[in-house]
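Structure assessment
Chain by chain, the residues:
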Amino acid sequence: MSKRRDIDRLLEGLRPAEAPSALRARALRAAADAGREEPEGDPGRWERAWQSRPLRLSWLAAVMLLTALHLAITPRVQDLFEDRSPVREREALQASGTALFGSSTGLNRIALARVERRLDLESLDLPGTHRDAKETTR
Amino acid sequence: MPPSPTSEDPAMSTRRGSLHSRLEGRGRSLFAEIAGGSMEAVGELYDLAADDLYGLALWRTGGEDDAADVVQEVFARLASQGTKLLDVQEPAAWLLSVTHRAAIDVQRRRTRRREVPESAALLCPVDAGDPGRQMDARRASTFVQTLPAKQREVIYLRHFLELSFREIAELLHIPTFTAASRYRLGLRRLRKLIGENP
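Residues numbered from 1 in each chain as written. Chains lettered and ligands numbered in written order. Predicted model: local features only at pLDDT ≥ 70, side-chain atom pairs only at ≥ 80, totals over all residues. Heavy atoms only, no water.

**Some remarks on the overall build of chain A**
Our working definition: Secondary structure elements are defined from DSSP: runs of H or I of at least 4 residues count as helices, runs of E of at least 2 residues count as strands, and each element is numbered from the N terminus. Burial here depends on accessible area, computed with a 1.4 Å probe over protein chains only, as a share of the maximum for the residue type. Under 20% is buried, over 50% is exposed, and the range in between is partly exposed. The method behind every accessible area is Shrake-Rupley, applied with a 1.4 Å probe, and residues are considered shielded solely by the protein chains displayed.
Helices and strands together make up the secondary structure of chain A, namely seven helices and zero strands. In chain A, the order of α-helices and β-strands from amino to carboxyl end is α-α-α-α-α-α-α. Each of the 138 residues in chain A was classed as buried or not, and the buried ones make up 10%. Entry remark: accessible area of chain A is about 12,100 Å², with carbon and sulfur atoms responsible for 59%.

**Details of the packing of aromatic side chains**
All names here are of chain B. Test applied: In this analysis, rings of Phe, Tyr and Trp, with Trp reduced to its six-membered ring, are considered paired at centre separations within 6.5 Å, and the interplanar angle assigns stacked below 30 degrees, edge-to-face beyond 60, and tilted for intermediate values. Both a distance and an angle decide whether a charge sits over a ring: NZ of Lys or CZ of Arg must be within 6 Å of the ring centre and within 35 degrees of the ring normal.
Summed over the entire model, instances satisfying the criterion amount to six aromatic pairs over all chains. Residues Phe31 and Trp94 carry aromatic rings whose centres are separated by 5.6 Å and whose planes lie at 90° to one another, so their mutual orientation is edge-to-face. Here Trp94 lies in helix H5 (residues 91-112) and Phe31 lies in helix H2 (residues 26-35), a separation of 63 residues in the sequence. Take Phe31 and Trp94: they sit in the same class, and that class is buried. The rings of Trp59, Tyr156 and Phe160 are connected pair by pair, giving a single aromatic cluster. Directly above the aromatic system of Phe165 lies the positively charged group of Arg158, at a separation of 4.1 Å from the ring centroid. Above the ring of Tyr183, the side-chain terminus of Arg158 is found at 5.8 Å from the ring centroid.

**A word on the environment of Glu90(B)**
Residues and elements named next belong to chain B. Within the secondary structure, Glu90 sits in the loop between helix H4 (64-80) and H5. A relative accessible area of 47% means that Glu90 is categorised as partly exposed. With 62 residues separating them along the chain, Glu90 and Arg28 place their C-alpha atoms 7.5 Å apart.

**Quick notes on the packing of helix H3 (residues 39-61) of chain B against H4(B)**
Helix-helix packing is described using two parameters, namely the angle between the two axes and the distance between the axes. Residues and elements named next belong to chain B. Where we set the bar: The convention used is that axes are lines fitted to C-alpha atoms, helices contributing only their stretch in contact, and that angles between N-to-C directions extend from 0 to 180 degrees. The cut-offs work like this: below 35 degrees is roughly parallel, past 145 is roughly antiparallel, 65 to 115 is roughly perpendicular, and the gaps in between are oblique. We call a crossing left-handed when the near helix sits turned anticlockwise from the far one by less than a right angle, and right-handed when that turn is clockwise. Any pair of residues with heavy atoms lying within 4.5 Å of one another is described as a contacting pair. Charged means Asp, Glu, Lys or Arg here, nonpolar means Ala, Val, Leu, Ile, Met, Phe, Trp, Tyr, Cys or Pro, and polar covers whatever is left, Gly included.
In the contact formed by H3 and H4, the axes pass within 8 Å of each other and the chain directions differ by 140°. Classified by the angle their axes make, H3 and H4 are oblique. Relative to H4, H3 is oriented so that their crossing is right-handed. Across the interface between the two elements, Val42, Leu45, Tyr46, Leu53, Tyr54, Ala57, Leu58 and Thr61 from H3 touch Glu64, Asp66, Ala67, Ala68, Val70, Val71, Val74, Phe75 and Leu78 from H4. Looking at the contact of H3 with H4 residue by residue, the classes come out as 14 nonpolar, one polar and two charged.

**Things to note about H4(B)**
Think of an α-helix as turning once every 3.6 residues; residues three or four places apart then point the same way. This is how the line gets drawn: Here, expected helix span is obtained from the residue count minus one, scaled by 1.5 Å.
Spanning 17 residues, H4(B) covers 25 Å between terminal C-alpha atoms, matching the ideal 24 Å at 1.5 Å per step. Within H4(B), the full set of buried residues consists of Asp66(B), Ala67(B), Ala68(B), Val70(B), Val71(B), Val74(B), Phe75(B), Ala76(B), Arg77(B), Leu78(B), Ala79(B) and Ser80(B). Next to the buried residues of H4(B) lie helix H2 (21-36) of chain A together with H2, H3 and H5 of chain B. Immediately downstream of H4(B), the backbone of Gly82(B) shows phi near 65°, a positive value.

**Here we look at the pattern of salt bridges**
Residue and element names in this part refer to chain B. The condition is simple: Basic side-chain nitrogens of Lys or Arg form a salt bridge, by our definition, when they fall within 4 Å of a carboxyl oxygen of Asp or Glu.
Tallied over the full model, the rule gives 10 salt bridges over all chains. Of the charged contacts, one joins Arg22 and Asp52 as a salt bridge, the two residues approaching to 2.5 Å between their closest N and O atoms. Placement of Arg22 in helix H1 (residues 19-23) and of Asp52 in helix H3 is noted, with a sequence separation of 30 residues between them. Taken together, the salt bridges that share partners define one network made up of Arg26, Glu33 and Glu44.

**Comments concerning the confidence of the model for chain A**
So the rule is basically this: The quantity known as pLDDT measures the predictor's confidence residue by residue, on a range of 0 to 100.
For chain A, the average pLDDT comes to 72, and 49% of its residues sit at 70 or higher. For chain A, helix H7 (residues 130-137) of chain A is the element with the lowest average pLDDT, namely 51, and helix H4 (residues 53-73) of chain A is the one with the highest, namely 90.

Next up, the structure:
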């Protein structure tokens, strides 16, 4: 409580400072000089946008973000200039073709086995076809 | 609207009339005359407002030369507005707002130029007569100088210019809560200083 009384007394004792007497002439001279100049015109929308610090910062952030994204998604320069001679191209094509063929025959075999299982060809007693079917499944 | 006295708001009786009340009625006509180019009106407005504007600039910048620069800048800006002054609804608020911005500009300029801050000014005048009052004013000035500029500014606006927290918030473009918070933090710090230096 005594602290509160102290601060009350402290603030009670405060008087606001007064402007120095020499300042009056100085301020009025500055006003007269400024009054003789052209009144400040409206700077315009683009000028205001350029002068606004938040807008400039957001513009900078947007440019940096776009640059970063551009660098992230475009192919690397090294890839663009990689050696693509016809021999290598052919080798690469053959290798991929063999792999594709291998995978497709493998898939065909699996699919055929599934169809046989579903139809249960062994149990079918079709005249003239039983043997053939058995032979086919083998 | 003058603020109501609260436990955080001592010394209402010692306040002088606020800038708002002094410019009420006369402020807009003075602005209209200044818009028409009258230098006599600028002089009259100076006599009505300069002390308050200087005090605010002094409490914000903490230096006498900077405060004088701010007041000069405010009157230069006032005279350069031309007919735009006719649109000003609250001349007192306009002047305080321009003073606040000019004070920030002066401080920024000083920081940008890496100038040495002005030596701490006596924020409260010392009464030549009473030695006890002299001591109090010096003590108060020293304590107030240690506060951050933003807190000093709010205390000045609240204590000497009798603005409400809402008016201070509008003037400084901050939330009302922040204005009140700066005032209370400032007073709390002053109390602490008094407690440490009885």
